[in-house]
Protein chains: 2
Amino acid sequence: MTEVHLRDALDTLKSTGVRITPQRHAILEFIIQSMSHPTADDIYKALESKFPSMSVATVYNNLRVFREAGLVKELTYGDSSSRFDFITNDHYHMICNTCGKIVDFHYPGLDEVEHLASHLTGFDVSSHRMEIYGTCPTCKEHATKVQ
Amino acid sequence: MTEVHLRDALDTLKSTGVRITPQRHAILEFIIQSMSHPTADDIYKALESKFPSMSVATVYNNLRVFREAGLVKELTYGDSSSRFDFITNDHYHMICNTCGKIVDFHYPGLDEVEHLASHLTGFDVSSHRMEIYGTCPTCKEHATKVQ
DNA sequence: TTATTAATTTATAATTGTTATAATAAGTAT
DNA sequence: ATACTTATTATAACAATTATAAATTAATAA
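Residues numbered from 1 in each chain as written. Chains lettered and ligands numbered in written order. Predicted model: local features only at pLDDT ≥ 70, side-chain atom pairs only at ≥ 80, totals over all residues. Heavy atoms only, no water.

**Things to note about the interface of chain B and chain A**
Here is the rule we go by: Working rule for contacts: check all heavy atoms of both residues, and any pair within 4.5 Å makes them a contact. Put simply, buried area is the surface a 1.4 Å probe can reach on two separate parts but cannot reach once they are joined, added for both. The term salt bridge refers to a pairing of a side-chain nitrogen on Lys or Arg with a carboxyl oxygen on Asp or Glu at a separation within 4 Å. N or O atoms closer than or at 3.5 Å make up a polar contact, with two conditions inside protein: a donor-capable atom paired with an acceptor-capable one, and, for residues adjacent in sequence, both atoms drawn from side chains. For helices the rule is a DSSP run of H or I covering at least 4 residues; for strands it is a run of E covering at least 2, with both sets numbered from the N terminus onward.
Counting residues at the interface gives 37 residues for chain B, matched by 37 residues for chain A. Together chain B and chain A conceal approximately 3,100 Å² of surface at their shared face, both sides included; 66% is due to carbon and sulfur atoms. The largest per-residue losses of area from chain B upon contact with chain A belong to Tyr107(B), Phe123(B) and Arg129(B), which jointly make up 20% of the total buried on that side. Between the two partners, chain B and chain A, sit 0 salt bridges. The interface formed by chain B and chain A includes 3 residue pairs in polar contact (both at pLDDT 80 or more). At the level of secondary structure, the elements contributing two or more residues to the side of chain B that touches chain A comprise strand E3 (91-96), strand E4 (102-106), helix H5 (111-121), strand E5 (124-135) and helix H6 (137-146) of chain B. The dominant element in the side of chain B that touches chain A, judged by the number of residues it contributes, is E5(B), at 12 residues.

Rendered as structure tokens:
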């Protein structure tokens, strides 16, 4: 699964004339296999044992490259730093208000909303984004235990 | 309309023991009457003729007060700074990829999605957020003229 | 009123995520 | 090999936001 995505992504990059460096490969691989929607700093820290001399700028540079190649989506929430999500199927995010955990879930067909919005506003629609907020099972558990 | 919202909002604030200062009043009023989802800096600039000595910190402080009182929602998009939106009915945002314009539209009942997400992930759901991206009529017009 | 206390604003410094710059290194093509 | 492009590194710059401390204002109580 991860391997297929990685191979496809590398092909996409090559086809746009982007060079596959070891750092670039590692960053991309980390994002794909990560289920945690990492921040730039998460990625930097995760790879520092493998690439002790890698610069933060390299992480940011490559995240931009991936974004421009349409491989990665940048997500901004209320908190300070952006999170990065490898683009696969259409999915949405369930976000815990307490611990910040992000869980993906799939839901097809919000086409209806897109159509309505387009009709009401006169926009041409290209994409949409949705997040649902709440409390994850772990935090619920913890809350009941504490009180 | 604006007046009703403002009066309600002031009541909410008073009931939580927050003092209504001139700056606070002006910031709140500006957000409510503004259709443009202003940034902190927008607010600061808009009020500087009225309050020449007002600090940026005051704007941020009060935005936090309003947020904590449930009056205002903070929205982060890809760009650098947060935007603030007075909370009225459930509505979503249509955002232009080209000029960044934000247009509200109303759409009831994404309860179904909330339920599904809750069922799939085990979260308790508190709220959700959705944005749709596209091209606004003005930018479409402009694009056709240019080419 | 006056004194006292708490809340708010102001001015400014500190912090932090991100971007820009310049130098170095690595890969590619002639 | 030489020149040329691209990527990485190290570091400085920037910009949004937050923290801090002093000054101001408002509310309360004697």
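**Examining the UniProt feature "binding site: Fe cation" (unreviewed entry) in chain A**
Our working definition: UniProt positions are given in the numbering used here, feature names are shortened, and annotations may be inferred rather than shown by experiment.
Within the UniProt annotation, "binding site: Fe cation" (unreviewed entry) is assigned to His128(A). Setting aside residues no more than four positions away along its own chain, His128(A) makes contact with Tyr92(A), Leu110(A), Glu114(A), Met130(B), Glu131(B), Ile132(B) and Tyr133(B). A polar side-chain atom of His128(A) sits 2.6 Å from a polar atom in the side chain of Glu114(A).

**Here we look at the protein's contact with DNA strand D**
Heads up, the rule is: By convention in these notes, a residue is near a molecule or strand provided one of its non-hydrogen atoms lies within 4 Å of it. All amino acids are sorted into three groups, where Ala, Val, Leu, Ile, Met, Phe, Trp, Tyr, Cys and Pro are nonpolar, Asp, Glu, Lys and Arg are charged, and the leftover types, Gly among them, are polar.
Taken together, 18 residues surround DNA strand D, and among them Thr21(A), Arg24(A), Thr58(A), Tyr60(B) and Ser82(B) come closest. Near-protein atoms of DNA strand D (within 4 Å) split between backbone and bases, with sugar and phosphate holding 80%. Taken together, the elements giving at least two residues each to the surface near DNA strand D come down to helix H2 (22-33) and helix H4 (56-68) of chain A together with helix H4 (56-68) of chain B. Take the surface near DNA strand D: its biggest share by element is 4 residues, from H4(A). Within the surface near DNA strand D, the residues separate by chemical class into 5 nonpolar, 10 polar and 3 charged.

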